[in-house]
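Chain by chain, the residues run as shown.
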Amino acid sequence: MAELLIELFSEEIPSRMQARAAEDLRRLVTEGLRAAGLAVGEAHSFATPRRLALAVEDVPEQSPAVSEERKGPRVGAPEQAVAGFLKAAGLASLDEAQIVRDEKKGDYYVAKIEKPGRAASEITAEVLGGVLAKFPWPKSMRWGAGSFQWIRPLKSVICLIDGRVVPLDVAGITAGNTTRGHRFHGNAPFEVSSFEDYAAKLAAHVVMLNAEERAEEIREQAEALAAKAKLELIADEALLAENAGLTEWPVVLMGTFDKGFLEVPPECLITSMKTHQKCFSLRDPKTKKLANRFILISNLTATDGGAEIIAGNERVIRARLSDAKFFWEQDLKHPLGEMAGKLAAITFHEKLGSQKERVDRIEELAFKLAESSVDADPQDARRAAGLCKADLVSEMVGEFPELQGLMGRYYAEHAGTKPEIARAIELHYKPKGPTDVVPKEEEGDAVAIAVALADKLDTLVGFWAIDEKPTGSGDPYQLRRAALGVIRIVIENDLRLSIGKVAREALAYQKQAVASPLGLCDDLLSFFADRLKVYLKDKGARHDLIDAVFSLGGQDDLALIVKRVEALGAFLTTDDGATLLAGVKRASSILAIEEKKDKRTYDGGYDVGLLKEKEELALAAAIESVKQDTVAAINVENFKGAMNALAELRAPVDAFFEAVVVNDPNLGLRENRLRMLSEIRAATLTVADFSKIAG
């Protein structure tokens, strides 16, 4: 088997696009080759600032020959149908087709098409040309007089199969076996014959092909340099990956800045250096305080040891940090209350009003939540909600939007605001993703919980009110994330919160008129149910158990739903649970068949006077006992106790089916026994709908 090597050498590819582009190249080329009949082996793609590369193993010399039959129109069909068949099958006339006899449907034509195998080089040229012509760059450009588009001007193309050049022209460039190394240290052209040869010669010409190796090299050099200065590198995986995409031969250097800048909150300095210069920050390993030094990544080995590069970066860093310090000092001149007043001039959404109107709604809802569901001072919750968006008009957040919330906390602390209110301003945005932390009552963040829930619920209800709900193809307002945030905050803090009730309260504060408030709340509750299913499935819960609990109706207390699902899952792993499930399903199945046949239901109580068999009497006693015990246990949120009560049904149900004939010839006994089966189903419905459970 042969090896395919492809390299697309260009001007610098933006770092953020490299990994996706390398994967797209691998996927599109291998899919194209396989679709064309080449059963290729594993493929590995690579990206550096100036190249995309792909190595494909086990490439056959040619695709296999293919023989196929294509069914045509019936004999005597209209001329237009025959002509279309001949064209599609590649036949000159009907003389080249065969006639298949069919006494039932009539005779019809069949074309036997023989397709010989094609050379791998021919297929590769065709596939690669098509892939490059329609490559899915987020943005692309044209250059010169041609129409070909690429992310940056393409300079050369390598396309080799087993060391032989594949005939191919792209954007006026003829594929060959020549490339270049590092722009400054190895830019002379050189020839390659295989991927092993290619990787070795790139390394000799000062290029590290593998992005992960470049990232690890940066990490090791940076940590060593920091340790030498008795400092600690502040880890940032995204910045590490970005720098790996900016360099082909990374060299780590260290610079300094004036200690006076350390008066500014450290996050401002870290963000400024990261955003503007792609630099890492350093801190004291003991105190964890930011140090007045930074790590920069160069793409060359300078003859002066990097002194000029360091000096240039220090000049730029000084200017950027001066801006950050200016923003900080200017913002401190304006109290948060004053900033909050300026929110009236900022539109949140044309149909939902300004940020000020939004904050007013959050204030009211946070106050209500603190009164009813969260152990927080309602007045503190209202005050925190009133200030939670104020920093959006600050100079610092205007420059670095990712610092919203955090800067509000700093401004509040500087003004002497209560600590729990200041923390709430920062934490109300959390969780920002599935791996982010949530505010916790046990950590003194009850106020933050009230504001976070109010913020997210106001957003959800508002966009539901204007019918801007997520679709299968998009969620521009991140409403799924907002719902998941509510779910995590409620569950991880074990809050008793009726989503339906809070949604109705939030809707009352919206200025939008809604045709059916109840329908809106029901629809939003269904959305929460779907999000909760996703959340619980990620935690390992069975999908059918979630459906079994939601099917009961009226389930809008998220924490209780989770507890019920967990208890149900644990119960079904026991012998009692598995056997009872089988019995309940049997009862439900018999009921469904008989109700369909009789065109009626058998809901309602049974006649105790018609119970003859001892197994009937035992089951009746068990049903009544279980009904009372499960309801009592659920009323005190003892779901394990409810499951234990259900287990008492196992033996009587088994005995009933062993000894009692449900479809008795006596119609009165038959109806009474069917009603008993209905009562078995009703008894379990206090806990879950067992018909939704697999097994």
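For the structure, see preceding data.
Residues numbered from 1 in each chain as written. Predicted model: local features only at pLDDT ≥ 70, side-chain atom pairs only at ≥ 80, totals over all residues. Heavy atoms only, no water.

Visitor: Just checking my understanding: could you explain the overall build of the chain for this structure?
Guide: The number of helices and strands found in the chain is 25 helices and 18 strands. Taking 26 Å as the expected radius of gyration for a compact globule of 695 residues, we find that the chain reaches 35 Å, considerably beyond that expectation. Based on the C-alpha atoms only, the size of the chain along its principal axes is roughly 100 × 95 × 50 Å. A buried classification covers 48% of the 695 residues belonging to the chain. Considering only residue pairs separated by 6 or more positions, the chain has 69% of its internal contacts joining residues 24 or more positions apart. Carbon and sulfur atoms form 49% of the exposed surface of the chain, whose accessible area is close to 33300 Å². Here the chain carries 90 positive and 107 negative side-chain charges, and the mean point of each set is 2 Å from the other. (Helix = DSSP H or I, 4+ residues; strand = E, 2+ residues; numbered from the N terminus. Rg over C-alpha atoms; globule rule 2.2 N^0.38 Å. Buried < 20%, exposed > 50% of the residue type's maximum accessible area, 1.4 Å probe, protein only. Contact = heavy atoms within 4.5 Å. Areas by Shrake-Rupley, 256 points an atom, 1.4 Å probe, with all protein chains shown as cover. Lys, Arg positive; Asp, Glu negative; His and termini not counted. Charge placed at Lys NZ, Arg CZ, Asp CG, Glu CD.)

Visitor: Sorry if this is basic, but what is going on with the pattern of salt bridges here?
Guide: Opposite charge on two side chains permits pairing when their charged atoms draw close. What the rule picks out here adds up to 53 salt bridges. For Arg 183, the salt bridge is made with Glu 11, and the minimal N-O distance between the two is 3.2 Å. Here Arg 183 is found in the loop between β11 (178-179) and β12 (190-191), whereas its partner Glu 11 is found in the loop between β1 (2-10) and α1 (15-35), with 172 residues between them in sequence. Overall, Arg 183 belongs to the partly exposed group, its relative accessible area being 31%. Across the salt bridge formed by Glu 413 and Arg 409, the nearest N and O atoms sit 3.3 Å from each other. Remark: Arg 409 and Glu 413 occur in helix α13 (residues 406-414); sequence separation between them is four residues, near one turn of the helix. Judged by its relative accessible area of 41%, Glu 413 is partly exposed. Here the salt bridges share partners, and the residues they tie into one network are Asp 494, Arg 496, Asp 557, Lys 563 and Glu 637. (Salt bridge = Lys/Arg side-chain N within 4 Å of Asp/Glu carboxyl O.)

Visitor: Just to check I follow, could you spell out the sheet that holds β1 for this structure?
Guide: Strands in a sheet are paired, the pairing made by backbone hydrogen bonds, and the direction either parallel or antiparallel. The strand order across the open sheet formed by five strands is β2-β3-β1-β7-β8, and the pairing between neighbours is antiparallel. For this open sheet the edge positions go to β2 (43-48) and β8 (164-165), each flanked by a neighbour on one side alone. (Pairing = 2+ DSSP bridges.)

Visitor: I'm lost on the environment of Leu 296 in this one. Help?
Guide: Structurally, Leu 296 is set in strand β16 (residues 290-298). In this structure, the C-alpha to C-alpha distance between Leu 296 and Asn 313, residues 17 residues apart in sequence, is 7.9 Å.

Visitor: In this structure, what is going on with the state of the cysteines? I would like to understand it.
Guide: What we call a disulfide is simply a covalent bond connecting the sulfur atoms of a pair of cysteines. Counting across every chain of the model gives zero disulfides. For the unlinked cysteine Cys 279, the closest cysteine sulfur is that of Cys 268, found at 17 Å. The class for Cys 279 is buried, based on a relative accessible area of 1%. (Disulfide = S-S within 2.5 Å.)

Visitor: Any chance you could explain the pairing of strand β6 (residues 108-115) here in plain terms?
Guide: Within a regular strand, side chains alternate between the sheet's two faces. Examined bridge by bridge, strand β4 (residues 66-74) and β6 share seven bridges and lie antiparallel to one another. The partner of Glu 68 across the bridge, within β6, is Ile 113. Across three bridges, the pairing between strand β5 (residues 98-100) and β6 is antiparallel. Note that in β6 the partner of Ile 99 across the bridge is Tyr 109.

Visitor: Explain the packing of helix α22 (residues 614-635) against helix α23 (residues 639-647) here, please?
Guide: When two helices pack together, their arrangement is given by the angle between the helix axes and the distance between those axes. The contact between α22 and α23 brings their axes to 7 Å, and the two run at 170°. In terms of axis orientation, α22 runs roughly antiparallel to α23. Packed against α22, whose contacting residues are Val 626, Asp 629, Thr 630, Ala 633 and Ile 634, the element α23 presents Phe 639, Gly 641, Ala 642, Ala 645 and Leu 646 at the interface. Residue classes in the contact of α22 with α23 are distributed as seven nonpolar, two polar and one charged. (Axes fitted to C-alpha atoms, helices over the stretch in contact; angles between N-to-C directions. Parallel < 35°, antiparallel > 145°, perpendicular 65-115°, else oblique. Nonpolar A, V, L, I, M, F, W, Y, C, P; charged D, E, K, R; others polar.)

Visitor: Sorry, what's going on with the side chain of Arg 50 here?
Guide: Relative to the helices and strands, Arg 50 is located in the loop between β2 and β3 (51-59). One buried charge, Arg 50, has no salt-bridge partner; the nearest side chain with opposite charge is Glu 248, at 4.1 Å. A distance of 2.7 Å separates a polar side-chain atom of Arg 50 from the backbone oxygen of Gly 181. Here the side chain of Arg 50 touches Asn 187 through a polar contact of 3.2 Å, side chain to side chain. Setting aside residues no more than four positions away along its own chain, Arg 50 makes contact with Leu 8, Phe 9, Ser 10, Glu 11, Glu 12, Gly 181, His 182, Arg 183, Asn 187 and Glu 248. (Polar contact = N/O pair within 3.5 Å; in protein donor to acceptor, adjacent residues only side chain to side chain.)

Visitor: It is not clear to me how the pairing of strand β7 (residues 154-161) should be interpreted in this structure. Could you clarify?
Guide: Here β7 lies mainly inside the structure; seven of its eight residues are buried. By the bridge criterion, seven bridges tie β1 to β7 in an arrangement that is antiparallel. The partner of Glu 7 across the bridge, within β7, is Ile 158. In this structure, β7 lies alongside β8, joined through two bridges in antiparallel fashion. Bridge pairing in β8 links Leu 160 to Val 165. Linking β7 back to β8 in an antiparallel pair, the connection comprises two residues, with Asp 162 at a positive phi of about 55°.

Visitor: Help me out: how do you make sense of the nonpolar core in this one?
Guide: Inside soluble globular proteins, nonpolar side chains tend to come together where they are buried. In terms of nonpolar packing, the biggest core is built from 106 residues, with Leu 453, Leu 460, Leu 532, Leu 568, Leu 649 and Leu 677 touching the most fellow members. With residues near it in sequence (within four places) discarded, Leu 532 still touches Ile 487, Ile 491, Phe 550, Leu 558, Ile 561 and Val 562. Membership of the second largest hydrophobic core comes to 40 residues, among which are Ala 47, Phe 135, Cys 159 and Val 170. (Core = buried A, V, L, I, M, F, W, Y, C linked by side-chain atoms within 4.5 Å.)

Visitor: Hey, could you run me through helix α17 (residues 499-508) in this one?
Guide: The α-helix winds at 3.6 residues per turn, so residues separated by three or four positions along the chain end up facing the same way. Considered for burial, the residues of α17 that qualify are Ile 499, Gly 500, Val 502, Ala 503, Ala 506 and Leu 507. Projected onto a plane normal to the axis of α17, the buried residues spread over an arc of 165° and lie on a single side. The inward-facing, buried residues of α17 contact α10 (355-372), α15 (446-465), α16 (479-492), α18 (517-538) and α20 (558-572). (Arc of directions from axis to C-beta.)

Visitor: Please explain α23 as it appears in this structure.
Guide: By the criterion of burial, α23 is predominantly enclosed, with seven of the nine residues buried. All buried positions along α23 are accounted for by Phe 639, Gly 641, Ala 642, Met 643, Ala 645, Leu 646 and Ala 647. The elements touched by buried residues of α23 are α20, α21 (575-598), α22, α24 (650-659) and α25 (667-684).

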